[in-house]
Amino acid sequence: MRRAASPRLSGRIVTRGAAAAALGLPTVWSAALFDTLESRLLESPMTPVERWVESAEETVRPQRVVWCDGSEAENERLIASMVAEGTLSRLNAAAAPGCTLHRSHPSDVARTEHLTFIATAAREDVGPTNNWMSPTEARAKVGPLFEGVMTGRTMYVVPYVMGPLGSPFSKVGIEVTDSPYVVANMRIMTRMGKAALEHLGSSEEFVPGLHSVGDLSPERRFVVHFPEERLIWSVGSGYGGNALLGKKCFALRIASTMARDEGWMAEHMLILELTLPGGEVHYLAAGFPSACGKTNLAMLVSPLERLGYKVRTVGDDIAWLRPGPDGRLWAVNPEAGFFGVVPGTGPDTNPNAMATIGHDTIFTNVAVTPAGIPWWEGKDKSPPKDLIDWQGRRWDGTGKAAHPNSRFTVAARQCPSMSPRWEDPHGVPLSAIVFGGRRARVAPLVFQAFDWDHGVFVAATMGSETTAAATGKVGVVRRDPMAMLPFCGYNMGDYFGHWLRMGRAVPQPPPIFHVNWFRTSHDGHFLWPGFGQNLRVLLWMIDRIHGRGKGVETPIGVVPTPDALNLDGLDVSKASIEALLHVDRDEWAAEVPGIRAFFDRFGDRLPSEMNRSLDGLAQRLSVVAPA
Ligand code: GTP
Ligand code: SPV
Ligand code: MN
């Protein structure tokens, strides 16, 4: 393969891709044709994107380069090539039209938090909750893994926008990857291709991301972020948040550092629209850890729709929040699709998701029938006959047929519950912020923080059981501040400070609530029906906003009185409701030392307000109150 001249030797020689783009020609061509074009275009300067792509090309040395335009035809070609090489299969055309199945390597089925790094000059800037590498070490240790890694492979250049096209808040990324599966996913999850380059225009502001599946070995797997240079490197994984660089790497880790510097917030939150019978509309953003119910809440089907209570979806995983001109916080969903947890998705739990993924969906690591019909635990009551499990083996009925972190990738526009405002370039104004975790015990169904600073404390100390969304043990309670533990690109002590400051930056900061759909009875059953019925809890929040929701002050916040929740038509026993709302002083008092130890890890980077809130909690817990 002929190599283009280095931009360091001549800033005016274009790459093949650039020449193609400039001429509007197909982007893959022979060296001979390139030579002609190169001589013709010698005088046109390279854009910063082209220069970066060329430097990537020099490092990874692909056999050919394809600039992705995002078109239907291109997608068809990619899918056909993956089907031909056996990395993707088409599902049943009648039962699942346009759907495909990808099986990832069994050692590459979830995000790998221990292999995820933030590379900054000073170690303190990533804080105690992130893995740190110096940029020098990253270049020495991870850089070589990219040398010649695409030899014999195709390098795809994927320009993409996070946020609605044309929105002043949207941001551009350029992902270079050797995985056609990543390209197909990025096309669904972002605004990708020609439109992204048009959105970028003459701006030089884009976040480059270099991705290669490498040899897929966890031994040589690294996801490295350089927030000071706004650059992402990922090697050795083809899965989800490790490989679709627009999502967790850019829209959360890099974006959180941009947001800190620019006065906004990048959060792991769904956004939903709730309309009341009189037509009053509220928008809520909710941050729950991975696999703790964001997609399900965002797509909630209201059990009271006939009475005029309607829920619509704005986003299911990431929210970019900024102060609006009216003094409220406004939220934008930077994504264009859903990369959602498949198991547990069924007609009773999430009919909107079921309708969304009925066609034109990429399934990853689900089970399949011999006829090509996808299946997973929770889709229906009984598994079909002769099922093939997520690894392509005949399922013997033991273990899970679909991987617990199997996923669907689907365009948001296919979802019947999308709000008409989901692509509003200015976003939507928030009435409330909700946090939540997965806790079998301790945390009640819902409580409201006393004020913004207390809400920041509640969110910063939230505990949740680990899930299959990341490798490692499942079901271990860990502190997951704001559901951002794996996603904050800087020192979380500073991040708490940023949250406190943002509350001062908006004259009307939204009230903050905490929920837990996962509290269980002594025999291990969920006490709360969850899913659509979670609407009842949202309605109490709206009542609180209107100053009419009844609540009792407890040491941890305001909990609804048992009669304050609208439970019309719901079959939950009084005893269950009482258990769900119970705040156990001993259990909460037992949390305090763990929270203090967690805070101590941040040293002097922890804002003093946080310890003050903790002291307040400890004090309220030690006061004996009437039962
Ligand atoms: P990520 O995509 O990893 O960020 O996950 P998420 O927060 O969007 O979680 P999701 O909505 O996909 O739910 C994860 C799992 O929790 C699924 O298996 C759901 O069926 C289950 N789940 C969601 N909501 C509820 C609920 O209200 N009650 C119960 N019991 N389970 C729920
Ligand atoms: C999560 O783990 O929070 C996800 C899935 O949304 S992934 O894209 O893999 O991060
Ligand atoms: Mn997520």
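Nothing here was measured: the structure is a model prediction, and the numbers come from that model.

Caption draft 1: How the structure looks around the site of ligand 2. Neighbouring ligand 2 are the residues Arg111, Gly240, Gly241, Lys247, Lys248, His268, Ser290, Asp317, Phe339, Arg407, Ala469 and Phe487. For ligand 2, an oxygen atom lies 2.8 Å from a polar atom in the backbone of Gly241. Interatomic distance of 3.2 Å between a side-chain N/O atom of His268 and an oxygen atom of ligand 2. Protein chains bury 98% of the 280 Å² of accessible surface belonging to ligand 2 in isolation. At the level of secondary structure, the elements contributing two or more residues to the shell around ligand 2 comprise helix 9 (240–243) and helix 10 (246–262).

Caption draft 2: View of the packing of aromatic side chains. Evaluation of the coordinates by the stated rule reveals 21 aromatic pairs. Ring centres of Phe117 and Phe222 lie 6.0 Å apart, and the angle between their planes is 45 degrees; on these two criteria the pair is classed as tilted. You can see Phe117 sitting in strand 4 (residues 116–119) and its partner Phe222 sitting in strand 10 (residues 222–226), a full 105 residues away along the chain. You can call Phe117 buried: its relative accessible area is 12%. Owing to a relative accessible area of 10%, Phe222 belongs among the buried residues under this scheme. Aromatic side chains Phe250 and Trp320 sit 6.5 Å apart centroid to centroid with 45 degrees between the ring planes, which places their arrangement in the tilted category. Here Phe250 is found in helix 10, whereas its partner Trp320 is found in strand 16 (residues 319–323), with 70 residues between them in sequence. For Trp320, a relative accessible area of 2% corresponds to the buried category. Counting every residue linked through ring pairs, the aromatic cluster contains Phe457, Tyr490, Tyr495, Phe496, Phe598, Phe599 and Phe602.

Caption draft 3: Geometry of the sheet that holds strand 22 (residues 407–411). Spatially, the 5 strands line up as an open sheet ordered 2-3-19-22-18, and their pairing is mixed. With partners counted over all chains shown, the strands left at the sheet margins are strand 2 (89–90) and strand 18 (337–341), one partner each. Where helix 7 (residues 180–189) meets the sheet, its contacts fall on strand 3 (100–102), strand 18, strand 19 (362–364) and strand 22, and the angle it forms with strand 18 comes to roughly 115 degrees.

Caption draft 4: Expanded view of the side chain of Ser417. Within the secondary structure layout, Ser417 lies in the loop between strand 22 and strand 23 (428–436). When its relative accessible area of 3% is taken as the criterion, Ser417 is described as buried.

Caption draft 5: Representation of the site of ligand 1 in the model. With respect to spatial proximity, 22 residues lie near ligand 1, and among them Ala291, Lys294, Thr295, Asn296 and Arg407 are the closest. Between ligand 1 and Phe531 there is a distance of 2.9 Å, counted from an oxygen atom to a backbone nitrogen or oxygen. At 3.0 Å from an oxygen atom of ligand 1 is found a side-chain nitrogen or oxygen belonging to Asn534. In the complex, the protein chains occlude 92% of the 660 Å² of accessible area that ligand 1 would expose alone.

Caption draft 6: Spotlight on the pattern of salt bridges. This model, assessed by the stated rule, comprises 33 salt bridges. Between Glu335 and Lys247 there is a salt bridge, with the nearest N and O atoms lying 2.9 Å from each other. Placement of Glu335 in the loop between strand 17 (329–332) and strand 18 and of Lys247 in helix 10 is noted, with a sequence separation of 88 residues between them. In this structure Glu335 comes out as buried when scored by relative accessible area, which is 1%.

Caption draft 7: View of the coordination of the manganese ion (ligand 3). Summarising the metal site, the manganese ion (ligand 3) is bound by the protein donors Lys248 (NZ), His268 (NE2) and Asp317 (OD), whose distances to it range over 2.1 to 2.4 Å. Counting residues between consecutive donors of the manganese ion (ligand 3) along the chain gives the motif K-x19-H-x48-D. Of this pair, Lys248 sits in helix 10 while Asp317 sits in the loop between strand 15 (310–315) and strand 16, and the two are 69 residues apart along the sequence.

Cut-off values and rules
Residues numbered from 1 in each chain as written. Chains lettered and ligands numbered in written order. Predicted model: local features only at pLDDT ≥ 70, side-chain atom pairs only at ≥ 80, totals over all residues. Heavy atoms only, no water. Near = heavy atom within 4 Å. Polar contact = N/O pair within 3.5 Å; in protein donor to acceptor, adjacent residues only side chain to side chain. Areas by Shrake-Rupley, 256 points an atom, 1.4 Å probe, with all protein chains shown as cover. Helix = DSSP H or I, 4+ residues; strand = E, 2+ residues; numbered from the N terminus. Phe/Tyr/Trp six-rings, centres within 6.5 Å; stacked < 30°, edge-to-face > 60°. Buried < 20%, exposed > 50% of the residue type's maximum accessible area, 1.4 Å probe, protein only. Pairing = 2+ DSSP bridges. Contact = heavy atoms within 4.5 Å. Axes fitted to C-alpha atoms, helices over the stretch in contact; angles between N-to-C directions. Salt bridge = Lys/Arg side-chain N within 4 Å of Asp/Glu carboxyl O. Donors = N, O, S within 2.8 Å, 3.2 Å for Na, K, Ca; no water.

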